[in-house]
Amino acid sequence: MRIDVVTIFPAFFAALDVSLLGRARQSGLIEVRIHDLRDFAHDRHRTVDDTPYGGGAGMVMRAEPWGEALDAVLTPGSTLVVPTPAGSLFTQRRARELSARQHLVFACGRYEGIDQRVVEWARRDHEVLELSLGDYVLNGGEVATLAMIEAAARVVPGMVGNPESLVEESHEEGLLEYPSYTKPASWRGLDVPPILLSGHHGAIAAWRREQSIDRTRRIRPELLPDDGTDL
């Protein structure tokens, strides 16, 4: 998988050099390139924003540098991802979809966002996804891009040492993950549920399933079917 990121804050992406993502980059499993949008601005101050047409607070990122930056990184098979609070919700299913793409390009907006014509222009020849992490606003697209890259990259085959660990995670089957425990069996007056010490794998699997359903019902009931269908 190849990933290109366009941003005015390249230093944000130093985190991609650590942990699983860092090892995946070193091994060649994923390739990530970071591009400074200001390199595509040609005035003395490397300007990438201007006041919005129609008035209003804040600044809007200019189309010209974005157009040149995307000209430099987009290929015929690229998918352009634009993190934005006005986008559709980024989910685990979407992460898996992104993991299957050969080339992802992330456009990190700032201020009041990117001139909408950039998105409209890119859609002429490329798949464009406007995605949101949730119903809140960040200072820019960098944090959201990091989250999306990690979510997508970690399900690329070969990324995680034990692929079975991905199957039972939260949201993989529409449920939150069951609670986990490790040694010691008793800690500060709290004990590990006895079923987990029984060695009865069928009973343990059933308990974990019940715990996932119960946790989802308490914390994210909207994830459960509302038609009475058994899970």
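Our structure is the block above this text.
A short tour of the structure in this document, coming up. (Residues numbered from 1 in each chain as written. Predicted model: local features only at pLDDT ≥ 70, side-chain atom pairs only at ≥ 80, totals over all residues. Heavy atoms only, no water.)

**As for the overall build of the protein**
Per the secondary structure count, the protein includes seven helices and nine strands. Within the protein, buried positions represent 39% of all 231 residues. Contacts spanning at least 24 positions in sequence make up 73% of the contacts within the protein whose residues lie at least 6 apart. Total accessible area computed for the protein in this model is approximately 13,700 Å², and 51% of it derives from carbon and sulfur atoms. Positive and negative side-chain charges in the protein, numbering 25 and 34 respectively, have mean positions lying 4 Å apart. (Helix = DSSP H or I, 4+ residues; strand = E, 2+ residues; numbered from the N terminus. Buried < 20%, exposed > 50% of the residue type's maximum accessible area, 1.4 Å probe, protein only. Contact = heavy atoms within 4.5 Å. Areas by Shrake-Rupley, 256 points an atom, 1.4 Å probe, with all protein chains shown as cover. Lys, Arg positive; Asp, Glu negative; His and termini not counted. Charge placed at Lys NZ, Arg CZ, Asp CG, Glu CD.)

**Here's the deal with helix α1 (residues 19-27)**
Buried residues of α1: Leu21, Gly22 and Ala24, and no others. The buried residues of α1 occupy an angular sector of 160° when the element is viewed end-on, so they sit on one face. In α1, those exposed residues whose orientation departs by more than 90 degrees from the buried face are Ser19, Arg23, Gln26 and Ser27. Buried residues along α1 sit in contact with α5 (142-153). (Arc of directions from axis to C-beta.)

**A few points about unusual backbone geometry**
With the exception of glycine, most residues fall at negative phi, and the peptide bonds are largely trans. With omega at 5°, the peptide bond leading from Lys183 into Pro184 counts as cis. Note that Pro184 resides in the loop between α6 (164-167) and β8 (186-187). Its identity is not glycine, yet Arg188 carries a phi of approximately 50°, on the positive side. Looking at the element boundaries, Arg188 is found in the loop between β8 and β9 (190-191).

**Remarks on the pattern of salt bridges**
This structure, assessed with the given rule, holds 14 salt bridges. One salt bridge connects Arg46 with Asp39, and the closest N-O pair in it is separated by 2.6 Å. A relative accessible area of 31% places Arg46 in the partly exposed class. Since its relative accessible area comes to 48%, Asp39 is described here as partly exposed. One salt bridge in this structure joins Arg62 and Asp50, with 3.1 Å as the shortest N-O distance. (Salt bridge = Lys/Arg side-chain N within 4 Å of Asp/Glu carboxyl O.)

**A short note on the sheet that holds strand β7 (residues 127-132)**
Hydrogen bonding along the main chain pairs the strands of a sheet, whether they run parallel or antiparallel. Pairing is parallel in the open sheet, where five strands are placed in the order β2-β1-β6-β5-β7. The sheet is open, and its two borders are formed by β2 (31-36) and β7, each paired with just one other strand. Adjacent strand axes in the sheet meet at a mean angle of 30°, parallel and antiparallel pairs treated alike. With three bridges connecting them, strand β5 (residues 79-89) and strand β6 (residues 103-107) associate as parallel partners. Residue pairing for β6: Val81 is matched across the bridge by Phe106. (Pairing = 2+ DSSP bridges. Axes fitted to C-alpha atoms, helices over the stretch in contact; angles between N-to-C directions.)

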